[in-house]
Amino acid sequence: MSLRVDIKSELEKFKIDISFESTSNRIGILGESGAGKSMLLKYIAGIFTPDKGRIILDNSCILNTNDKINIMPQNRNIAYMFQNYALFPTMSVRENIEIVIKGDKKQKRKKTDFLLKKFHLLNLASKKPAELSGGQQQRVALARVLAYEPKLILLDEPFSALDEELKDHLHMELETMIKDYHGMIIMVSHSRDELYRFSEEVMIISEGKLLEMDAKEKVFHYPKTTKGARLVGVHNILSAKKKANGLLEIPEWHLCLRLENQDIDKVEFIGIRDRDLQPVWSEDDIPPSERDELLHIKAGVTYETLDKKKVFFAIKNPLKNKEGKSISDTSNKYSFLMDKNSYKQYATIDLPSKLRINKEKIIFFQS
């Protein structure tokens, strides 16, 4: 199965300009709100038509604006699952599934019975959508999608309306229910965790443009752009440059780092994840040769979860003011993460004033 998309369209707030080709079975789309993620799905499904472009699904052209080819949505062999599931309110669960199945009455009933059993819906077959929970509605919508036997399934934030506990449960159910489906599935989500669990390949979209597209491990662990890095959860993005002596200078943090086996000639920015800044309570724990690479901070706002503490901080400037006191940036725009279990022995001590950078985990960018 393959999908080629090359589309351009002018919207009210920005222009869509996206081109990609993929043979992956599971593709995730990540991007900020209003980036054009759902619109891309609607163009592929044929719900909307771009100003210009071409879409080829499994070597079959379903859109070519130059040649005036625009296959109707119902003939594209694509199933689109809406955020609100779009079940027919006056139909029963059985009828909602059966309506998309081709064949005679006996064939429809046999296939519907199979799907009702597979999706654990047999005892709900006669109920209307309004009588179902959110999770049950989702299972009906997914059963209907698979009943259609499409080449491509488009999932537009399928878990957005559900609470966290139900999301995790249904995500596991989704994986089980689609394991026998050998077509392509594209899923839009704001959740990095959802996309990482689901996807083989991930694309990042921002303001109608494709920033990155690669295997999920590469996109999440080694993003290529600063925008992409922020969207995959890298919060500390800083300008950086190579100095004449070969050190990497980070002006915002008043630091220079010695890096081995790294090509930093063209580096313009670096990214450091929260978890890759390690609290230092005593410099005695740090080799003398690395103490000049410690980051001196002033801790600010903290947010706690059950097992972690996120700390926002400002940078202490090595220069002193007229009174001889350290100068601090007051913006608190940077952050690090503490695992509470790892630092239990420091529970009664103030937050650290120094951090150590895990240099092996630094991400390098040119833009």
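Going by the structure above, here's the rest.
Let me begin by describing the structure that accompanies this report. Since the structure is predicted, the reported quantities are computational estimates derived from the model, not experimental observations.

Section: the pattern of salt bridges
Here is step 1 of the chain: The tally for this structure, following the rule as stated, stands at 16 salt bridges.
Here is step 2 of the chain: Glu207 is the partner of Lys227 in a salt bridge, and the nearest nitrogen-oxygen pair spans 3.5 Å. Here Lys227, found in helix α8 (residues 226-231), pairs with Glu207, found in the loop between β10 (201-206) and β11 (209-215); they are 20 residues apart in sequence, far enough to count as distant.
Here is step 3 of the chain: Residue class for Lys227 comes out partly exposed when judged on its relative accessible area of 40%.

Brief notes about the packing of aromatic side chains
Here is step 1 of the chain: In this structure the tally under the stated criterion is 7 aromatic pairs.
Here is step 2 of the chain: A centroid spacing of 6.2 Å and a plane angle of 50 degrees characterise the contact between Trp253 and Phe313, whose relative ring orientation is tilted. Remark: Phe313 occurs in strand β19 (residues 308-320) and Trp253 occurs in the loop between β14 (248-250) and β15 (255-257); sequence separation between them is 60 residues.
Here is step 3 of the chain: Residue classification places Phe313 among the buried positions, given a relative accessible area of 0%.
Here is step 4 of the chain: An angle of 50 degrees between the planes, with centres 5.9 Å apart, marks the rings of Phe313 and Phe336 as tilted.

Some points on helix α1 (residues 37-45)
Here is step 1 of the chain: The element α1 is largely enclosed, with a buried count of 7 among its 9 residues.
Here is step 2 of the chain: Of the positions making up α1, those classed as buried are Lys37, Leu40, Leu41, Lys42, Tyr43, Ile44 and Ala45.
Here is step 3 of the chain: Just beyond α1, the residue with positive phi is Gly46, at close to 90 degrees.

A look at the layout of surface pockets
Here is step 1 of the chain: Approximately 420 Å³ is the volume attributed to the second largest pocket.
Here is step 2 of the chain: In this structure, the second largest pocket is lined by 18 residues; those nearest its centre are Ile78, Ala79, Tyr80, Phe82 and Arg144.
Here is step 3 of the chain: Among the elements that line the lining of the second largest pocket, the one with the most residues is strand β7 (residues 78-81), at 4 residues.
Here is step 4 of the chain: Tallied by class, residues from the lining of the second largest pocket come to 16 nonpolar, 1 polar and 1 charged.

A word on the nonpolar core
Here is step 1 of the chain: Ranked by internal contacts, the top residues of the largest apolar core, which has 43 residues, are Ile97 and Leu121.
Here is step 2 of the chain: In terms of residue count, helix α4 (residues 134-147) provides more of this core than any other element does, 7 residues in total.
Here is step 3 of the chain: Non-local contacts of Leu121, meaning those with residues more than four positions away in its chain, are made with Val93, Ile97, Leu116, Gln136, Arg139, Val140 and Ala143.
Here is step 4 of the chain: Judged by nonpolar contacts, the second largest core, of 29 residues, contains Ile29, Leu63, Leu152 and Val188.

Comments concerning the environment of Met203
Here is step 1 of the chain: Among the structural elements, Met203 can be located in strand β10.
Here is step 2 of the chain: Taking the C-alpha atoms as reference points, Met203 and Ser126, 77 residues apart in sequence, are found 40 Å from one another.
Here is step 3 of the chain: The contact partners of Met203, leaving out residues within four places of it in the chain, are Phe20, Ile27, Gly28, Ile29, Leu30, Leu40, Leu210, Glu212 and Met213.

A short note on the sheet that holds strand β23 (residues 363-365)
Here is step 1 of the chain: One open sheet holds the 3 strands; their spatial order is β12-β16-β23, and the pairing between them is antiparallel. Either end of the sheet is taken by a strand with one partner, and the two such strands are β12 (236-239) and β23. Pairs of neighbouring strands in the sheet enclose a mean axial angle of 25 degrees, with direction left out of account.
Here is step 2 of the chain: With 4 bridges joining them, β12 and strand β16 (residues 269-272) adopt antiparallel strand pairing. In the sheet register, Asn236 faces β16, and the bridge partner there is Ile272.

Details of the sheet that holds β14
Here is step 1 of the chain: The strand order across the open sheet formed by 3 strands is β13-β14-β15, and the pairing between neighbours is antiparallel. For this open sheet the edge positions go to β13 (241-242) and β15, each flanked by a neighbour on one side alone.
Here is step 2 of the chain: Bridge analysis of β13 against β14 gives 2 bridges, and the strand direction is antiparallel. Its bridge partner being in β14, Lys242 is matched across the sheet by Leu248.

Points about the pairing of β11
Here is step 1 of the chain: Sheet analysis places β10 next to β11, joined by 6 bridges and oriented antiparallel. Note on β11: the bridge partner recorded for Ile204 is Glu212.
Here is step 2 of the chain: A loop of 2 residues connects β10 with β11, the two strands running antiparallel in sequence, and Glu207 in this loop sits at a positive phi of about 50 degrees.

What counts and how
- Residues numbered from 1 in each chain as written.
- Predicted model: local features only at pLDDT ≥ 70, side-chain atom pairs only at ≥ 80, totals over all residues.
- Heavy atoms only, no water.
- Salt bridge = Lys/Arg side-chain N within 4 Å of Asp/Glu carboxyl O.
- Helix = DSSP H or I, 4+ residues; strand = E, 2+ residues; numbered from the N terminus.
- Buried < 20%, exposed > 50% of the residue type's maximum accessible area, 1.4 Å probe, protein only.
- Phe/Tyr/Trp six-rings, centres within 6.5 Å; stacked < 30°, edge-to-face > 60°.
- 1 Å grid on protein atoms, 1.4 Å probe; cavity = no way out; pocket = protein on both sides within 12 Å on 5 of 7 lines; lining within 4 Å.
- Points joined across faces, edges and corners; volume = space filled by probe spheres on them.
- Nonpolar A, V, L, I, M, F, W, Y, C, P; charged D, E, K, R; others polar.
- Core = buried A, V, L, I, M, F, W, Y, C linked by side-chain atoms within 4.5 Å.
- Contact = heavy atoms within 4.5 Å.
- Pairing = 2+ DSSP bridges.
- Axes fitted to C-alpha atoms, helices over the stretch in contact; angles between N-to-C directions.

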